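Residue-level listing of the chains:
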Amino acid sequence: MREDLSPELAPKLAVELGLKPAEYDKVVEILGRTPSITELYMYSLMWSEHCSYKHSRKALRMFPTEGEHVLQGPGENAGVISVGDGWALAFKMESHNHPSAIEPYQGAATGVGGIIRDIFTMGARPIASLNSLRFGTLDKPRQRYLFEGAVAGIGGYGNCLGVPTVGGEVYFDEAYEGNCLINAMSLGLMREEKLTSATASGPGNLVLLIGSTTGRDGIGGASTLASQEFDEKAEDKRPSVQVGDPFEEKLLIEACLELLEEELLVGLGDLGAAGLTSSASEMASRGGVGLDIDVTKIPAREEAMKPFEFMVSESQERMLAVLVPENLEAAQAVCAKWGLRSTVIGTVTDTGRFVVREGDEIVADMPAATLAHDAPIYDPAMVRPAYLDEVQAFDPITGVDHPGCEYVLDDIVLALLASPNVCSRRWIWQQYDHQVMLNTVVLPGGDAAVLRIGDTGRGEMTGRGVAVSSDCNGRYCYLDPYVGAQIAFAEAARNVACSGGYPAAITDCLNFGNPEKPEVFWTFYEAIRGLSDACRAFGVPVISGNVSFYNESFGSPIYPTPTVGMVGVMEDVSKHCTVAFKNEGDVIFLLGETENEIGGSEYLKLAHGVVSGRPPALDLELEKAVQATVLAAIDAGIARSAHDCSEGGLAVTLAECCMAGDLGADIHLDDGLPAYASLFSETQSRIVVTTAPEDAERLVELALANAIPYSVIGTVGGDRFAVEDKVGVTLVQLREAWEPALERALAGK
Amino acid sequence: MRFGVVIFPGSNCEQDVVHAAHVLGHEADYVWHGDTDLAGFDAIVLPGGFSYGDYIRCGAVARFSPVMAEVVRFAERGAPVIGICNGFQILAEAHLLPGALLRNQGLKFICKEITVTVEKSACQWMDATPGSLLRLPINHNEGNYICDPETLARMEANGQIVLRYCESDGSRAEGGSAPNGALDDIAGICNERGNVFGLMPHPERVVDPATGHTDGAVVFASIARRLAEVG
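Residues numbered from 1 in each chain as written. Chains lettered and ligands numbered in written order. Predicted model: local features only at pLDDT ≥ 70, side-chain atom pairs only at ≥ 80, totals over all residues.

Chemist: An account of the pairing of strand E7 (residues 206–211) of chain A is requested, with residue identities and associated values reported.
Modeler: Residues and elements named next belong to chain A. Among the six residues in E7, six count as buried, and that is most of the element. Pairing between E7 and strand E11 (residues 342–349): five bridges, direction antiparallel. Among the inter-strand pairings, Leu208 is bridged to a residue of E11, identified as Val344. (Buried ≥ 20, exposed ≤ 12 C-beta atoms within 10 Å, placed from the backbone. Helix = DSSP H or I, 4+ residues; strand = E, 2+ residues; numbered from the N terminus. Pairing = 2+ DSSP bridges.)

Rendered as structure tokens:
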């Protein structure tokens, strides 16, 4: 055993690597001696918040994780649900916020690469990606650079892989100016029996490293690199920017799926955060075995790399496989066919210890399970933030002067449609291949992406489908994290339901500030509580997810942003519904009813510059009933279009239905509210549905059966969007506001 | 008929072409780029994707794959070959088709549906009435077709220009209707003999009614009719 750290120096290095003194003491206690440099690096990374969830783990236990569809809950690289006929869907969402804030193209690209590796590690072929993005406002050149770079990076990586990017969302708000959010979600399809685990087992089995060479990229992060005392060469301390190679990843997908198809592997894991250390220790601890790895066997990208550098490098596009020795030749032949490197770097042992050696010399030797499981679990302090009293006391109805006249309302409708938070996302999704694999039934731009289930060009196609949506309104979460998180869930479910999908399971990406600040942790805890309650009410479990803390800039945290990625299943994908108005004369229904709820609304921000008040209330039982009604209408074939009400209110929803269908609408609202509230309130649990006149009575029956409020608000037709004498604009005016708004904002106009 | 769909490392539309062929009632099988046996195939498809990561230049590495020598012989024999998107780029690199494909004028990847006009051409893969319009998806970063004036004149004279980008009503905008800046709005060309066809749009994406309209079917149907006629 190489003893390369003195008892005096070791605690100092530990602190530099981000371990707290008590955590260092625990390492010493586990080892019964002073740790080596390699051991210290490995523990510091595995016990970091990013890998260990030490601040969030207890709160996350609130989530329901079981349900009828669930084949694999949290704990593996991705969750998996059954979608019928023996097909299984793996999915997960993950953040890549900080790298993207520094280098948006590569940060976003490697975010996509990482989440897609999580999917095919499970044995599933990646079939679709979504992304959930947050930036500061586009009047700032830096924000335009970050946004354009991130979109190009997502496209550059996903397009090359041939995995369609089918949906997502983006918001622009000052709260994200110093800390953009890049959340990437990926879904993969497999036969249920192909479900694979990232588990190492069978002493004597071989550990095979597949894919790229290992370099110094991504080691530890720039701020925590070893100090001069431990490093002879200054040039070793380079910035930790990971660079993606989507071509290598495409080859990895094909090779790994072929290895699994041929049943050549015992276990498969991907190398993500904390590199080999994380992947190997998690695989070993799941299997209750030990590993013996020789770093001199690892193909290196650079010279004179130290053992700890090999163990914590985050070089991209690498996979770790465990296999029986008899299959080695066949497995290496598959890798070679795809032009991939594959190297035996160690063996599985029965000792339960993770041993790292450099040739003959042991440089680390610790109980494997302690890396993955023995990180301290914290109970962070919580305090309700003081700002909440102030914002929640604000009454948006009396607190600002609302407009009343026709002329101004037209302008506000058009301004809302041109808001970067509402306008057409075409500029984004035209840079993404959203069709490859030929399963994209509903193109981007609707409520949810709808995908057909089947193995295009390789095997069976089915009539089944899935609807997918990601959602989170950070303003609502800022104004009330409990309700805001529930609305994120409800809106994602509503989007899925409007497309004809039955909500089945969610993944989440929980983006928050520094959890060591009691005010921030309180918002985190409340959001988890809200999300958990919503999941329980709907019977929809959380099957995977990711926590991203420390999203702060200039000392202030981002809006709490618990992004929800919802998957709904459809037995017959041909029954899917879209937002577009379909026929002249169709009857327009509003399911649910509008209240005067403009706190946290896009209208309040846009017209009055205010982010305050209480977010819209959410009644989960009403929400369920409204969704049940729309699903029944779609199943019965009487819903010709369905679109949920969200940012911008009913006016924006109706305008979007008009533009998508190239048809106008004549609307009469009899809700007894002032015009601004009728049009722009963001009351939840509302869906605009159209039917043929002869089917209207049947929709009424469904609404009554589900005991929900509803109203007939108008008819489809003409080339104008008109609301009584309050709003009257042409389709051309709507399009001129909505279509080019993002391009205009990016041009600095 | 039976299509052979070549898989290069980095191809990603091969399964789409096979699916489209199946939907239209044809047979299709994959051909690994390292193989050199094209026996049993009536037509060869070089599908879209990012062969060899598009490194160096799109298609520049793929043209040296072992299968390509055989594809060249196949084409020289007069047998039908089609290159879609990256496949078109490979055909241009392999000199089976004239010209080259540069980066899109706007320097952005473009994925959207566009309209093309069917030109009067010698192309065996396109028997739609000249002047008819097709809605086809494009999905590329390098589709900006270019060639020298003599080549353009020769292609025009020989009926080698098969598809031109146009506005949705069939007109051509004064400054050009190509979304990528392509010379003379060129979206697809063939060789003099008409058996080798390269195009940037993806006809295989619009064949299956389950996912939309079927304007792309005519490409596969044309070559099937042609082969049935000549036996």
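Okay, back to it.
Chemist: So, the sheet that holds strand E24 (residues 665–667) of chain A: which residues are in play, and what are the values?
Modeler: Residue and element names in this part refer to chain A. Pairing is mixed in the open sheet, where seven strands are placed in the order E23-E25-E22-E26-E24-E27-E28. Of all strands in the sheet, those bounded by a partner on one side alone are strand E23 (641–644) and strand E28 (727–730). Neighbour to neighbour, the strand axes of the sheet diverge by 20° on average, direction disregarded. With four bridges connecting them, E23 and strand E25 (residues 687–691) associate as antiparallel partners. Looking at E25, one finds that His643 is bridged to Val688. Together, strand E27 (720–723) and E28 form the strand contacts of helix H26 (residues 731–738), whose direction differs from that of E28 by roughly 80°. (Axes fitted to C-alpha atoms, helices over the stretch in contact; angles between N-to-C directions. Contact = placed C-beta atoms within 7 Å.)

Chemist: Before we move on, can you summarise the interface of chain B and chain A with the specific residues and values?
Modeler: Counting residues at the interface gives 25 residues for chain B, matched by 26 residues for chain A. When residues in the side of chain B that touches chain A are grouped by element, the largest group, five residues, is from helix H1 (residues 14–23) of chain B. For the side of chain B that touches chain A, the residue count by class is eleven nonpolar, eight polar and six charged. (Nonpolar A, V, L, I, M, F, W, Y, C, P; charged D, E, K, R; others polar.)

Chemist: How would you summarise the sheet that holds strand E3 (residues 43–46) of chain B if you had to cite specific residues and measurements?
Modeler: Remark on secondary structure: sheet strands pair via backbone hydrogen bonds, oriented parallel or antiparallel. Residue and element names in this part refer to chain B. Read from one edge of the open sheet, nine strands run E2-E1-E3-E4-E11-E10-E9-E6-E7, paired in mixed fashion. Strands at the two margins of the open sheet, each flanked by one partner only, are strand E2 (27–32) and strand E7 (133–140). On average, each strand axis in the sheet is tilted by 25° relative to the strand beside it, whichever way the strands run. The pairing of E3 with strand E4 (residues 81–84) spans three bridges and is parallel. Each bridged residue has a counterpart across the sheet, and for Val45 the counterpart in E4 is Ile82. Sheet contacts for helix H2 (residues 66–76): strand E1 (2–7), E2, E3, E4 and strand E11 (196–199); angle to E4, the most-contacted strand, approximately 125°.

Chemist: A description of the confidence of the model for chain B should follow, citing residues and the corresponding values.
Modeler: Averaged over chain B, the pLDDT score is 97; the fraction of residues at 70 or greater is 100%. Across the interfaces of the predicted complex, the ipTM metric reaches 0.96, alongside a pTM of 0.95. (pLDDT = per-residue confidence, 0-100.)

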